[in-house]
Amino acid sequence: MQLNNNIILPKGWRAFTTEKLAIRGARMIDPSIGLDLQADLIIQDGTIKHIGEIPDGWDGENVDAKGLIACPGLFDMHVHLREPGYEHKETIQTGCIAAAVGGFTGVAPMPNTNPALDNPGLINFVRERALGFPVDVHPIAAVTVGRRGQSLTEIGELFDDGVTTFSDDGSPVASAELMRRALEYTRMFDVVISEHCEEPSLTAKGVMHEGAVSTRLGLPGWPSIGEEIAIERNIRLAEFTGGRIHIAHISTAGSVEIVRQAKARGVNVTAEVTPHHLTLDCTILEGFNSDYKVNPPLRTLDDIEALIEGLTDGTIDAIATDHAPHAPDEKEVEFINTPFGMIGLETALGVIHTRLVLAGKLSLQRMIEVMTSAPRRIMHLPAAEIKVNSPVNITLFNPDEKWMVDRELMYSKGKNTPYHGWELTGRPCGIINRGVAWIRKG
Ligand code: DOR
């Protein structure tokens, strides 16, 4: 295993190979296998060799991890890395560095690039751009050619090429007939469709949640029902076809209830929620700050409560950031004309840990589960387990470290974070994956 010297590390980080590396004294938590133990961990040739005490005569590299938590590598099943086509917003390289700094060892970029990721050539282009980083990049392929909603992509060929998830995210598959065919086709390979659930005829002009605040601000509303009708339709189609549907960025209390009932009757449905939908409500838009403009929009405090309940009781399976970088000049125009989206990779863990775990609303174990094993399971990717003889795929974070979010210090090209100036408690400090450890000093 060789370190790739062409990759510039984030400032203040060090790289190690995993030929002979000890992680000393971390609290290791892997809810998927019931592990919660403070111990040393020995890695040799990229594999976890020993969990316990460091043997006498150890002569490998050491990382002092006392006070840190080691968990399976975080995985984000919903990011936008913008390449090819929108490299002024983000590149796979800047996105991978932002992911690593945020503690993610894996990400799944959406295909709303230009051209859209709708064939194996483009999927492999994205994979190749990510080589050398300690971050697994699993591109999601488009459901329809060019994301135009007219005809299906070659789902079988993409599956043969290793694609496990399909989406036209950014837009829904608006035609129910096409979604039916897509579910029938994907079912043959047991792959999942991650759907952006939006009924366009109800949301066409909407720029924020429809309600008292949008009325007061005079902004066109994007109503909850615009999401709920689409979720209802897609669940009925999944039930009818036996296909597998994943609800991307679920945002309303009604949606949570629809998914809860569908799961209870055995439909093959899963759902993800973003950190911003769990922590920010639509009143924050009173200042017309375009960093808070996102699709689906920020909802109400009641919706937030229902989303947290759904995450706790298992209705919602995963947290995903929907990291959506845009260039500063694109966000600095009239609110109505700015693109939807916020960045999220570098703040996700700190935000969830501070606002949900430390606030007593979500257990630490559940946070880890929904950010690590759950998204990999939904996408049918290999598990990242902390056990002897497994390939090492680990995130280290300091649950006590306080830090201030500063958009100017972010590695993403997008500076459109809704958390600028927030003080968070809990910060990633290393990832170990693909034969490399990136560790933040201090
Ligand atoms: O806010 C969003 N931004 N929602 C989406 O569905 C797409 C994304 C983007 O690509 O910018």
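Residues numbered from 1 in each chain as written. Predicted model: local features only at pLDDT ≥ 70, side-chain atom pairs only at ≥ 80, totals over all residues. Heavy atoms only, no water.

> When you look at the pairing of strand β14 (residues 244–247) in this model, what are you seeing that I'm missing?
Burial of the side chains of β14 extends over both faces: Arg244 and His246 are buried on one face and Ile245 and Ile247 on the other. Bridging between strand β11 (residues 192–195) and β14 involves 4 bridges; their strand directions are parallel. By the bridge assignment, Glu195 is partnered in β14 with Ile247. Pairing analysis gives 3 bridges linking β14 to strand β15 (residues 269–273), with the strands arranged parallel. Counted as the bridge partner of His246 is Thr270 from β15. For the handedness criterion, the β-α-β arrangement of β14, helix α8 (residues 253–264) and β15 is classed as right-handed. (Buried < 20%, exposed > 50% of the residue type's maximum accessible area, 1.4 Å probe, protein only. Helix = DSSP H or I, 4+ residues; strand = E, 2+ residues; numbered from the N terminus. Pairing = 2+ DSSP bridges. Right-handed = clockwise from strand over helix to strand, strands pointing away.)

> Help me understand the environment of Lys415, please; the structure alone is not making it clear to me.
Within the fold, Lys415 resides in the loop between β17 (394–404) and β18 (423–433). The class of Lys415 is partly exposed, set by a relative accessible area of 22%. Through-space distance from the C-alpha of Lys415 to that of Pro325 is 7.2 Å; in sequence the pair is 90 residues apart. Ignoring any residue separated from it by four or fewer positions in sequence, one finds Lys415 in contact with His326, Ile343, Arg407 and Met410. Here Met410 takes part through its backbone oxygen, which lies 3.1 Å from a polar atom of the side chain of Lys415. (Contact = heavy atoms within 4.5 Å. Polar contact = N/O pair within 3.5 Å; in protein donor to acceptor, adjacent residues only side chain to side chain.)

> What is the right way to look at the site of the ligand in this model?
The environment of the ligand is formed by 14 residues, the closest being Arg82, Asn112, His196, Asn295 and His326. With respect to the ligand, the side chain of Arg82 contributes an N or O atom lying 2.8 Å from an oxygen atom. Residue Phe340 places a main-chain N or O atom 3.2 Å away from a nitrogen atom belonging to the ligand. The protein chains hide 93% of the 290 Å² of surface that the ligand would expose on its own. Counted by class, the shell around the ligand contains 3 nonpolar, 8 polar and 3 charged residues. (Near = heavy atom within 4 Å. Areas by Shrake-Rupley, 256 points an atom, 1.4 Å probe, with all protein chains shown as cover. Nonpolar A, V, L, I, M, F, W, Y, C, P; charged D, E, K, R; others polar.)

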